[in-house]
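Below are the chains, spelled out letter by letter.
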Amino acid sequence: MAFLSSTDKQSSQNTVAEQEASFAPVIRTLEGDLKNITGGQNKEDAFEPSRASVNPFSTGTGGQAQPKQALPKNETPHPFSITPPVTQTSPTFSPPQAPVLENGLTSLLPSGALLSDRPVTRHTPAWMLYSIAIAVVCVVLGGGVWYFFFNQEKSASEPVVPVDVIEKSSETNTNLPPKQAPFSLDNPNYLSFNTETVSSLDIRKTLSETAERIKTADIDVPVEFFVTDQNNNPLAFSRFAFLLDLNLDADLLALTQETFSLYVYNDDGRVRFGLALRFKTMEAATDLLTKTETDMPYALRALILEPGVTVAKKSMFRSASYNRFAVRFSNIDVNQNISLDYALDNNRLFLGTSKNTLRVLLDTYAR
């Protein structure tokens, strides 16, 4: 191993002394910086060291120091003159500023937003819409069930008639002339038969049709008829009795005069018939009636038009009175209000197939 000479040792010691002198720390105080700033030095120059120091580790040519790199603005210089690397920072997001209007006020909308005159709608949650729809359906169904089960019976018993229909019907009734009766109520009407061809069934059919017309017209007073032949000649009662098969006593028929009246009366919806006859002699007629009255209901059964009515050949009569008239009657069918009632007064015989029929005939005669 070769030994260094004294000259080489000295030069190496000088080099180490210079390197130590270059690493001597530089102490700076805030007081010196403030004085430099007050004296008008540049802010960047205030942080420069009072003397230039050479970095022994610099790689410049001939040991020269590299020119100082400028620090960014507002950057504090490193106390050891080491410039930190410049970091790339991403631009920060700043919210859009609200524009200033022409009147000097600040707009409530940010710049670039659309202004609309329609209010902002708030959407109702779906569950709330479903709940409302279900509630409405339940109410409608409940109302329908209540109306069907509780109002149907009332509607059926009390049908609702539109107001316009009621007004029209009332106007029609007031404007129409009174309904004309099919028969005269004050004067006798006429029933004509062809005595050469007519039968008892034909006469009963004509009487039934006449009774139906009276009932349909709602006539509640006795209607009087004169019976005539095909030539409009009055028909004698004995002839009429023969054609209708009225099996009265022959002696009694011989005492009756030719003229007679046939009455049709609507007795509370049931049409009944009556007769008004005249006798030639009252005493003889009274005796014959007393003797043959038990046979009269069966003899006059052709005047009863209701089917299925059974009339006994012999009937029991009882006495009664109506106003000033003495009445004899015999019940034939109580359920259908059928009886034979008669009364005698001043050579007249009034006869009816119900109690009310005889009474209205007596009232008409007494007027």
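A brief report on the enclosed structure follows. Keep in mind the model is a prediction, meaning the values are calculated, not measured. Each chain carries its own residue numbering, running from 1 in the written order of its sequence. Note on the predicted model: pLDDT of at least 70 is required for a residue's local features to be given, and 80 or more for side-chain atom pairs to be given and counted; whole-chain, interface and lining totals, by contrast, use all residues. Values shown for side chains rest on all heavy atoms present in the structure; no hydrogens or waters enter the calculation.

**Here we look at the environment of Gly274**
To be explicit about the condition: Per the convention used, a helix needs a DSSP run of H or I reaching at least four residues, while a strand needs a run of E reaching at least two, with both numbered from the N terminus. For every residue, the accessible area (1.4 Å probe, protein chains only) is compared with the maximum for its type, and the residue is labelled buried under 20%, exposed over 50%, or partly exposed between those bounds. Contacts: residue pairs with any heavy atoms within 4.5 Å of one another.
Residue position: Gly274 is located in strand S4 (residues 270–278). Residue Gly274 is classed as buried on the basis of its relative accessible area, which comes to 0%. Considered as a pair, Gly274 and Val360 are 86 residues apart in the sequence and their alpha carbons are 9.9 Å apart. Setting aside residues no more than four positions away along its own chain, Gly274 makes contact with Ser261, Leu262, Tyr263, Leu351, Gly352, Thr357 and Leu361.

**Points about the pairing of strand S5 (residues 318–322)**
Note the cut-off: Between any two strands, at least two bridges found by DSSP are needed for them to pair.
The sheet contact formed by S5 and strand S6 (residues 325–333) spans five bridges and is antiparallel. Across the sheet, residue Arg318 finds its bridge partner in S6, namely Phe329. Connecting the antiparallel pair S5 and S6 is a turn made up of two residues, with Asn323 showing a positive phi of about 55 degrees.

**Comments concerning the pattern of salt bridges**
The line we're drawing: By definition, a salt bridge exists where a carboxyl oxygen of Asp or Glu is found within 4 Å of a side-chain nitrogen of Lys or Arg.
Within the structure shown, the criterion is met by five salt bridges. Between Arg272 and Glu306 there is a salt bridge whose closest N-O contact spans 2.4 Å. Separated by 34 residues along the polypeptide, Arg272 in strand S4 and Glu306 in the loop between helix H10 (296–299) and S5 bring together distant segments of the chain. For Arg272, a relative accessible area of 3% puts it in the buried group. According to the relative accessible area criterion, Glu306 is partly exposed, its value standing at 22%. Close ionic contact of Arg328 with Glu293 constitutes a salt bridge, the shortest N to O distance being 2.5 Å.

Purely spatial values, then, with no claim about function.
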